[in-house]
Amino acid sequence: MKALGKIGAAAFAAALAVSMTGCAGGDAPEEKAAQPEAQQGAQAEPQQGAEAAADAGNGAAVQKDFDGSAYSDTGEGTMYLATAGGTSEGGNVPQIAGGGTLSIDVVTEGMDGSVCTVYVDGMENSTVNAGEMSQNGIVIGEGATEPGVHTVELVKMDGDVPAIYKVAQYEAV
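We now turn to the structure provided with this report.

Rules used in this analysis
Residues numbered from 1 in each chain as written. Predicted model: local features only at pLDDT ≥ 70, side-chain atom pairs only at ≥ 80, totals over all residues. Heavy atoms only, no water. Salt bridge = Lys/Arg side-chain N within 4 Å of Asp/Glu carboxyl O. Helix = DSSP H or I, 4+ residues; strand = E, 2+ residues; numbered from the N terminus. Pairing = 2+ DSSP bridges.

**Side note on the pattern of salt bridges**
If charged atoms from side chains of opposite charge come close, those side chains can pair. Under the criterion given, the structure shown has one salt bridge. Residue Lys166 pairs with Asp73 through a salt bridge whose shortest N-O separation is 2.8 Å. Residue Lys166 is found in strand S9 (residues 161-172), and its partner Asp73 is found in the loop between helix H4 (50-54) and strand S1 (78-83); the two are separated by 93 residues along the sequence.

Structure below.
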């Protein structure tokens, strides 16, 4: 009789698990259709740009948050990256193990403490204080750890032009 109780309990647990898979937190198609468009778009937006950059690997056109290709080093001080594979000081491109989510440091020297935005491959990542001697950890997501050279930009805008623009690169291998 005890064996039947264990089998029954196992069958109940399996049935419960199967019935709960529909409760994974996603919206059913008919629920999503009933939501206003603005609300649907807000749910689909990537967090901190990491996931949006991942789309670049499959050939999809990704709209960047910032395109610094027309800018050169602007503002006092320096910025470089510190990674497990070294630093980007002096134009060096440190190598990091690719894949997954990683943390790297954005190091500033000789700057005035301005609040700046960090972009990774053109996607907004975080906001940091760029100080006289500061080290700010940023998290880079899967798209920014795919094999290849990636760009990190430190930017403070003054209207339509950057008051501070610093750039460094790392290579995911």
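**Notes on the pairing of S1**
Across five bridges, S1 lies against strand S4 (residues 102-109) in antiparallel orientation. Paired with Ala82 across the strands is Asp105, a residue of S4. Two elements, S1 and strand S2 (residues 86-87), share two bridges in a ladder whose sense is antiparallel. Directly across from Ala82, in S2, lies its bridge partner Thr87. Between S1 and S2, which pair antiparallel and follow one another directly, the connecting turn spans two residues.

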